[in-house]
Amino acid sequence: MKDILRKFIIFLAAPLCLILYLLRPFIIIRFGMLQSSRIGGILPSAENYLHIKNKINSNKRKYFDIISFEDQICNEQIALLVSRKIKIFPYKKILRLIIVITNFWFSDKSHLIFFTSIAKYDHFLKKEPKLDFTDDEKNQALNMMNNIGINKDDHWVCIHNRDSEYLNINYQDRDWSYHDFRDYNITSMVSTCNYFLSKNYYVIRIGKNASSKIELKHPRLIDYPFSSFKNDLLEIYLMANCKLYIGCSSGPANIPIIYTKPLLLTNYNDIHLLNLLKHNQWLLILKVFFDLKTNKILKLDDIFSRKLHNLFRSEDYSKLGIKVVENTPDEVLNASIELEQRENNTWIDTPSSTLLQKKFWNIIDKYSNKNKFNQHNLFISSYFLKKYENVLF
């Protein structure tokens, strides 16, 4: 019955779609749902949209967009930042129906907004985020920080490890184990915590939920998922203003990306995206691909030739006898030190480290299109490349 009613509404809406079509030479009305249930959806998608919208509206043809959030909001502060820049249509169900109707009548999808969360554009390099805090929000965040012992002149490092706890707690109607291969244990970051604590940084492990605590006690270490002072504004402000961010390609990393903070992504396995992202000023360590049948780490060429770079589900790796191995504490620590030195302009590339970078990127270039901005700002940890030199190449 619902299907019949939906079809009836679609055909009833034909005259309205005709009006949309006739208006096209003057203005294109578009519709879109912004993924508000995940930080990795709402924040980068909104930031990308605002930059792109500025460019397309500078053309002669104009656009009028109608946008809604999903039913769930992952962070109220982010929703506030976004809604100050994008007028949010409050009637989600109506907008969903409109999207179904336009999908049916317009095969070219010209009335849909396709949001992207990938940092494939160069506007992040300009250090001009569209989504910014008000002075009042900054003062509120500083007061909250002061209450937990962090002064405005202190430096802090944000760390994050991906696990499934947040999704399992907040979205219990779905089995999230299909991408458990992206997870890694917080224990691999303890040595890194100790290093930055010894240099008088605060270290803040961020995230709303986590499966296990950090097995480390220190007055300047804050295990935020297990703290009693959680606040949406505070969480976002800490990541947006950290000295360094050490995490992975999970949703929270988009906050330091947007606010252009020095970034190390550990346990990275989306190697098919590397050339697309090559213009970004990031440092990376990869998960290595281990073949359980041969008991060997795979070379980069083998990963691509066997099309393992296009696997996105844990069961797909299992069927092929592949285990993606998380980074070890020494890999995370040495990459973190490199990130700090690059930020402080004290990092020195050696001839051997430069050669290893070249070897790595030559292989990536063989299997993917070159970066359209013709910029190379993204590097793989020198320690990591040296450690696996004899097995990756």
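Residues numbered from 1 in each chain as written. Predicted model: local features only at pLDDT ≥ 70, side-chain atom pairs only at ≥ 80, totals over all residues. Heavy atoms only, no water.

Novice: A description of the overall build of the chain should follow, citing residues and the corresponding values.
Specialist: If you tally the helices and strands in the chain, you get 16 helices and 12 strands. A compact globule built from 393 residues would reach a C-alpha radius of gyration of about 21 Å, and the chain, at 23 Å, matches this within 12%. Projecting the C-alpha coordinates of the chain onto the three principal axes gives extents of approximately 65 × 55 × 45 Å. Expressed as a percentage of its 393 residues, the buried residues of the chain come to 49%. Look at the contacts in the chain between residues 6 or more apart in sequence, and 73% of them connect residues 24 or more apart. About 19700 Å² of surface is accessible on the chain, with carbon and sulfur atoms providing 53% of the total. (Helix = DSSP H or I, 4+ residues; strand = E, 2+ residues; numbered from the N terminus. Rg over C-alpha atoms; globule rule 2.2 N^0.38 Å. Buried < 20%, exposed > 50% of the residue type's maximum accessible area, 1.4 Å probe, protein only. Contact = heavy atoms within 4.5 Å. Areas by Shrake-Rupley, 256 points an atom, 1.4 Å probe, with all protein chains shown as cover.)

Novice: An account of the packing of aromatic side chains is needed here, citing residue identities and associated values.
Specialist: Each aromatic ring pair is characterised by the separation of its centres together with the angle its planes make. Tallied over the entire structure, the rule returns 18 aromatic pairs. Ring centres of Phe304 and Tyr367 lie 4.5 Å apart, and the angle between their planes is 0 degrees; on these two criteria the pair is classed as stacked. Highlighted residues: Phe304 in helix 11 (residues 300-305) and Tyr367 in helix 14 (residues 351-367), separated in sequence by 63 residues. Taking the relative accessible area as the measure of exposure, Phe304 reaches 3% and is therefore buried. Taken together, the aromatic side chains of Tyr166, Tyr171, Trp176 and Tyr178 make up a single cluster linked through ring pairs. Taking NZ or CZ as reference, Arg342 lies 4.7 Å from the ring centre of Phe379, over its face. (Phe/Tyr/Trp six-rings, centres within 6.5 Å; stacked < 30°, edge-to-face > 60°. Lys NZ or Arg CZ within 6 Å of the ring centre and 35° of its normal.)

Novice: Residue-level account of the layout of surface pockets, with values.
Specialist: Computed from the structure, the largest pocket encloses a volume of approximately 1100 Å³. Along the walls of the largest pocket sit 45 residues, with Gly40, Arg182, Ser249, Ser250 and Gly251 positioned nearest its centre. Of all the secondary structure elements, the ones that give two or more residues to the lining of the largest pocket are helix 3 (39-56), helix 7 (165-170), helix 9 (232-240), helix 10 (254-258) and strand 7 (263-268). The biggest single contributor to the lining of the largest pocket is helix 3, with three residues. (1 Å grid on protein atoms, 1.4 Å probe; cavity = no way out; pocket = protein on both sides within 12 Å on 5 of 7 lines; lining within 4 Å. Points joined across faces, edges and corners; volume = space filled by probe spheres on them.)

Novice: Now, about the sheet that holds strand 10 (residues 296-297): what can you tell me, with residues and values included?
Specialist: Across the sheet, three strands lie side by side as 10-9-11; this open sheet has antiparallel pairing. This sheet does not close on itself; its edge strands, each paired only once, are strand 10 and strand 11 (322-325). Sheet analysis places strand 9 (residues 288-291) next to strand 11, joined by four bridges and oriented antiparallel. By the bridge assignment for strand 11, Asp291 is matched with Ile322. (Pairing = 2+ DSSP bridges.)

Novice: Lay out the pattern of salt bridges in plain terms, naming residues and giving numbers.
Specialist: Per the counting criterion, the structure on display carries 19 salt bridges. Note that Asp65 and Arg30 form a salt bridge whose closest N and O atoms lie 2.8 Å from each other. Of the two residues, Asp65 is situated in strand 2 (residues 62-69) and Arg30 in strand 1 (residues 27-34); the sequence distance between them amounts to 35 residues. What makes Asp65 buried here is its relative accessible area of 12%. By relative accessible area, Arg30 is classed as buried at 12%. In this structure, the salt-bridge partner of Lys387 is Asp330, at a minimum N-O distance of 3.2 Å. With Lys387 in helix 15 (residues 382-387) and Asp330 in helix 13 (residues 329-343), this residue pair connects regions lying 57 residues apart in the sequence. (Salt bridge = Lys/Arg side-chain N within 4 Å of Asp/Glu carboxyl O.)

Novice: Describe in detail the sheet that holds strand 8 (residues 282-286), supporting the description with residues and values.
Specialist: Strand order in the open sheet formed by seven strands is 5-4-3-6-7-8-12, and the pairing between neighbours is parallel. Unpaired on one side and paired on the other, strand 5 (221-223) and strand 12 (379-380) mark the two borders of the sheet. The sheet contact formed by strand 4 (residues 202-205) and strand 5 spans three bridges and is parallel. Looking at the pairing, Val203 lines up with Leu221 of strand 5.

Novice: Can you break down unusual backbone geometry residue by residue, with the values?
Specialist: If you check the backbone angles, Asn267 has positive phi at about 50 degrees while not being a glycine. Along the chain, the position of Asn267 falls in strand 7.

Novice: Outline a nonpolar patch on the surface, listing residues and values.
Specialist: A cluster of nonpolar side chains, namely Leu16, Ile19, Leu23 and Phe26, defines an oily patch on the protein surface of about 410 Å² accessible area. Here Ile19 is to be found in helix 2 (residues 14-23). (Patch = residues over 30% accessible without salt bridge, like charges linked within 9 Å, V, L, I, M, F, W, Y side chains within 5 Å.)

Novice: Tell me about the pairing of strand 3 (residues 156-159), residues and numbers included.
Specialist: With burial as the criterion, each face of strand 3 is covered, one bearing Trp156 and Cys158 and the other bearing Val157 and Ile159. With four bridges connecting them, strand 3 and strand 4 associate as parallel partners. By the bridge assignment, Val157 is partnered in strand 4 with Val203.

Read these as geometric descriptors, not functional statements.
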